[in-house]
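A structural walkthrough
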Amino acid sequence: MQTAVKQVRDLAIEQPSSVRVFERFGIDYCCGGRKPLEQVCAEQQISLPQILEKLAEAEQAAPEPVEPWTTRSCADLVEHIVHQCHAPTRTELDRLIALSHKVRNRHGANHPELVQVEDLVQQIADEMGPHMDKEERVLFPYIVSLEQAHQTGAPKPYAFFGSVAYPIAAMMADHDIVGGALASIREHTRHFELPDGACPTYHALYATLADFERLTHRHVHLENNVLFPRAIAFAGTE
Ligand SMILES: [Fe+2]
Ligand SMILES: [Fe+2]
């Protein structure tokens, strides 16, 4: 299938180097990624030929062929998510809480959007902490055991929550809440545009917010678009 008519989320899965291009152009490959690339370009007034060129360049420039996650085990993917997504999410949220508080205290009077930013950062932290704990303690170990049962032909493991589709739906609803809060931060900060003469802490806050948004989009993409559909396939028609 031609790249232009493929859904953005599928391109992100099949060609991991595309994620950087989508990030650069502000294309949502994550929760809103179920649209063909050509439609997204038309909606966002982005040149389709330019994106196609950048995608080809990104693939050529990739340091080594990156194996798509779809060809690797869920156990490996879970390991990757826990160490490369959850661990930095916890660290960066701690930093963001401190930075947003400090910048709001100093500059909130002149920049009222900083009050909203601090509140939204806290909302994301309140959501993501228990969310990642539930994934690590309950859902991920269950998905790994489902995969093992599938590989060995053993019966599906017992789950107190019934079908794996239920906790997955709950996790995806949490992702939507966090995605919405991140979009609000982007709106309030006018795409992380710093005011003239912003102090270094202000710079650090906006840079950290932009990095955190990228991290969260990758994190949610790996769960919503790769891990969860595979878990549901292993579970079959429960
Ligand atoms: Fe997660
Ligand atoms: Fe999650």
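Keep in mind that what you see is a predicted model, and the values were worked out from it rather than measured.

Right, let's talk about the coordination of the iron ion (ligand 1) for a bit. Protein coordination of the iron ion (ligand 1) is provided by H86 (NE2), E135 (OE), H219 (NE2) and E223 (OE), with donor distances spanning 1.9 to 2.2 Å. One can describe the site at the iron ion (ligand 1) as irregular: its four donor atoms subtend angles covering 88 to 163° at the metal. On the primary sequence, the residues serving as donors to the iron ion (ligand 1) are separated as H-x48-E-x83-H-x3-E.

Once the charged atoms of two side chains with opposite charge are near each other, the side chains can pair. Across all of its chains, the model carries 11 salt bridges by this definition. Of the charged contacts, one joins E136 and R90 as a salt bridge, the two residues approaching to 3.0 Å between their closest N and O atoms. Here R90 lies in helix α5 (residues 74-107) and E136 lies in helix α6 (residues 113-152), a separation of 46 residues in the sequence. Ionic contacts of the salt-bridge type, sharing partners, join the residues R90, D133 and E136 into one network.

So, about the packing of helix α3 (residues 37-44) against helix α4 (residues 48-61). Viewed as axis vectors pointing N to C, α3 and α4 meet at an angle of 125°, and their least axial separation amounts to 9 Å. Considered as vectors, α3 and α4 are oriented oblique to each other. Between α3 and α4 lies a crossing whose hand is right-handed. Across the interface between the two elements, L37, E38 and C41 of α3 pack against L48, I51, L52 and L55 of α4. Taken together, the residues of the contact of α3 with α4 sort by class into six nonpolar, no polar and one charged.

Turning our attention to a nonpolar patch on the surface. Residues V138, Y158 and F160 make up a contiguous nonpolar surface patch of roughly 400 Å² in combined accessible area. Looking at where V138 falls in the secondary structure, it is placed in helix α6.

Here the focus is helix α8 (residues 200-235). Relative to the 52 Å expected for 36 residues at 1.5 Å per residue, α8 spans 50 Å between its end C-alpha atoms, a close match to the ideal helical length. Along α8, the helix axis deviates most sharply at L227, where the bend reaches about 35°; the proline P229 sits within four residues downstream. Immediately beyond the C-terminal end of α8, within one or two residues, lies G236, with a positive phi of roughly 65°.

On to the packing of aromatic side chains, then. Inspection of every chain in the model, using the stated rule, returns five aromatic pairs. Centre to centre, the rings of Y202 and Y206 are 5.3 Å apart; their planes meet at 75°, and the pair counts as edge-to-face. Of the two residues, Y202 and Y206 are both situated in helix α8; the distance of four residues between them amounts to about one turn of the helix. Grouping residues by exposure puts Y202 and Y206 together as buried. Grouping aromatic residues by their ring pairs yields a cluster made of Y142, F160 and F161. Directly above the ring of W69 sits R72, whose terminal nitrogen or CZ lies 4.1 Å from the centroid.

For α6, which comprises 40 residues, the first-to-last C-alpha distance of 54 Å matches the rise-based estimate of 58 Å (1.5 Å per residue) to within 8%. Of all the bends in α6, the largest measures some 45° and sits at E135. With its phi angle positive at about 80°, G153 sits one or two positions after the end of α6.

Split by domain assignment, the chain resolves into domain 1 (3-61) and domain 2 (71-235). Placing the centre of domain 1 and that of domain 2 at their C-alpha centroids yields a distance of 22 Å. Residue-level contacts link nine residues of domain 1 with nine residues of domain 2. For the pair domain 1 and domain 2, the two sides together bury roughly 870 Å², of which 56% comes from carbon and sulfur. Here domain 1 and domain 2 share one salt bridge between them. Mapped onto the side of domain 1 that touches domain 2, the elements with two or more residues apiece are α1 (8-14) and α2 (18-24). Of the residues contributing to the side of domain 1 that touches domain 2, the split by class is six nonpolar, no polar and three charged.

Cut-offs applied
- Residues numbered from 1 in each chain as written.
- Chains lettered and ligands numbered in written order.
- Predicted model: local features only at pLDDT ≥ 70, side-chain atom pairs only at ≥ 80, totals over all residues.
- Heavy atoms only, no water.
- Donors = N, O, S within 2.8 Å, 3.2 Å for Na, K, Ca; no water.
- Tetrahedral: all angles 85-135°; square planar, octahedral: opposite > 155°, others 65-115°.
- Salt bridge = Lys/Arg side-chain N within 4 Å of Asp/Glu carboxyl O.
- Helix = DSSP H or I, 4+ residues; strand = E, 2+ residues; numbered from the N terminus.
- Axes fitted to C-alpha atoms, helices over the stretch in contact; angles between N-to-C directions.
- Parallel < 35°, antiparallel > 145°, perpendicular 65-115°, else oblique.
- Left-handed = near helix turned anticlockwise from the far one by under 90°.
- Contact = heavy atoms within 4.5 Å.
- Nonpolar A, V, L, I, M, F, W, Y, C, P; charged D, E, K, R; others polar.
- Patch = residues over 30% accessible without salt bridge, like charges linked within 9 Å, V, L, I, M, F, W, Y side chains within 5 Å.
- Areas by Shrake-Rupley, 256 points an atom, 1.4 Å probe, with all protein chains shown as cover.
- Expected span 1.5 Å × (residues − 1).
- Bend = angle between axes of the 7 residues up to and from the residue.
- Phe/Tyr/Trp six-rings, centres within 6.5 Å; stacked < 30°, edge-to-face > 60°.
- Buried < 20%, exposed > 50% of the residue type's maximum accessible area, 1.4 Å probe, protein only.
- Lys NZ or Arg CZ within 6 Å of the ring centre and 35° of its normal.
- Domains from an automatic or database assignment.
- Buried area = accessible area lost by both parts, 1.4 Å probe.

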